[in-house]
Amino acid sequence: DTRGHIIHIDFGFAFGMAPGHEWSMERAPFKLTKDYIDVMGGPNSEGFKEFQKLFVDGLKAARSNSLNALGLVEIMMYKSNYPCFSGTRYGGGVSLKRFEKRLLLDVPDDKVEIKARKLIKKSIDHKGTKLYDVFQFYSNGYAY
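Residues numbered from 1 in each chain as written. Predicted model: local features only at pLDDT ≥ 70, side-chain atom pairs only at ≥ 80, totals over all residues. Heavy atoms only, no water.

## Digging into the packing of helix 3 (residues 46-64) against helix 7 (residues 112-123)
- Two elements in contact, helix 3 and helix 7, have axes separated by 10 Å at closest approach and are oriented at 125°. Between helix 3 and helix 7, the crossing angle belongs to the class labelled oblique. Viewed along their axes, helix 3 and helix 7 form a crossing whose handedness is right-handed. The residues of helix 7 that touch helix 3, namely those facing Phe 48, Phe 51, Gln 52, Phe 55, Val 56, Leu 59, Lys 60 and Arg 63, are Val 112, Glu 113, Ala 116, Arg 117 and Ile 120.
- Looking at the contact of helix 3 with helix 7 residue by residue, the classes come out as 8 nonpolar, 1 polar and 4 charged. (Axes fitted to C-alpha atoms, helices over the stretch in contact; angles between N-to-C directions. Helix = DSSP H or I, 4+ residues; strand = E, 2+ residues; numbered from the N terminus. Parallel < 35°, antiparallel > 145°, perpendicular 65-115°, else oblique. Left-handed = near helix turned anticlockwise from the far one by under 90°. Contact = heavy atoms within 4.5 Å. Nonpolar A, V, L, I, M, F, W, Y, C, P; charged D, E, K, R; others polar.)

What follows is the structure in structure tokens.
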């Protein structure tokens with residue numbers, strides 16, 4: 001936006017792709033390192049509380065618009081050669097099902113907040129994320 005805020009959506013991750021595929025070290029629901037939390041002011045800060053609230057609200061909004069989102073993904077998949085939609089790992093609607101699962105459509109509305117907060121808790125400083133970041137540093141020189 002005009003104030004310099006940036007959001008990154010990793011569509012491959014959203015559709016179930018992970019580096020190393022089935023053997024991936026990165027098994028956290030999403031990347032939420034200690035550094036990210038420190039930038040928000042720490043685990044007990046107002047900033048982190050606001051993040052948690054926005055995460056829950058965002059998930060609820062995504063769920064309420066899931067038919068539109070899933071329809072758009074289906075259109076993008078049609079005859080696509082993109083890796084996240086093709087091949088034996090991701091083709092044949094696999095990516096669509098994984099995206100649907102990420103939206104927690106099987107979770108009753110009154111349980112979504114609890115489930116979302118569990119995803120946050122599970123993601124905080126996840127061991128697999130740390131291992132993958134170290135791997136990326138030594139193999140590609142990416143800072144972590």
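Having seen it, we continue.
## Description of the environment of Leu 119
- Mapped onto the fold, Leu 119 is located in helix 7.
- Along the primary structure Leu 119 and Phe 55 are separated by 64 residues, whereas in three dimensions their C-alpha atoms are 10.0 Å apart.
- Beyond its immediate stretch of four places on either side in the chain, Leu 119 contacts Pro 29, Phe 30 and Leu 104.

## Quick word on the pattern of salt bridges
- The final tally for this structure, using the stated rule, is 7 salt bridges.
- The salt bridge partner of Asp 133 is Lys 31, with a shortest N-O separation of 2.9 Å. Of the two residues, Asp 133 is situated in helix 8 (residues 127-140) and Lys 31 in the loop between helix 1 (11-14) and helix 2 (34-39); the sequence distance between them amounts to 102 residues.
- The exposure class assigned to Asp 133 is buried, which follows from its relative accessible area of 12%.
- The exposure class of Lys 31 is partly exposed, given its relative accessible area of 34%. (Salt bridge = Lys/Arg side-chain N within 4 Å of Asp/Glu carboxyl O. Buried < 20%, exposed > 50% of the residue type's maximum accessible area, 1.4 Å probe, protein only.)

## Brief notes about the packing of helix 4 (residues 66-77) against helix 6 (residues 94-102)
- Relative orientation of the contacting elements helix 4 and helix 6 amounts to 160°, with a least axis distance of 10 Å. The pairing of helix 4 with helix 6 is recorded here as roughly antiparallel in orientation. Handedness of the helix 4/helix 6 crossing: right-handed. Here Ala 69, Leu 70, Val 73, Glu 74 and Met 77 of helix 4 come into contact with helix 6, specifically with Leu 96, Phe 99 and Glu 100.

## Overview of a positive patch on the surface
- Taken together, Arg 98, Lys 101, Lys 115, Lys 118 and Lys 122 make up a surface patch of like positive charges.
- Listed by contribution, the elements that provide at least two residues to the positive patch are helix 6 and helix 7.
- The biggest single contributor to the positive patch is helix 7, with 3 residues.
- Relative to the helices and strands, Lys 101 is located in helix 6.
- The class for Lys 101 is exposed, based on a relative accessible area of 65%. (Patch = residues over 30% accessible without salt bridge, like charges linked within 9 Å, V, L, I, M, F, W, Y side chains within 5 Å. Areas by Shrake-Rupley, 256 points an atom, 1.4 Å probe, with all protein chains shown as cover. Lys, Arg positive; Asp, Glu negative; His and termini not counted. Charge placed at Lys NZ, Arg CZ, Asp CG, Glu CD.)

## Some remarks on unusual backbone geometry
- Even without being a glycine, Lys 79 presents a positive backbone phi close to 55°.
- By the element assignment, Lys 79 lies in the loop between helix 4 and helix 5 (87-90).

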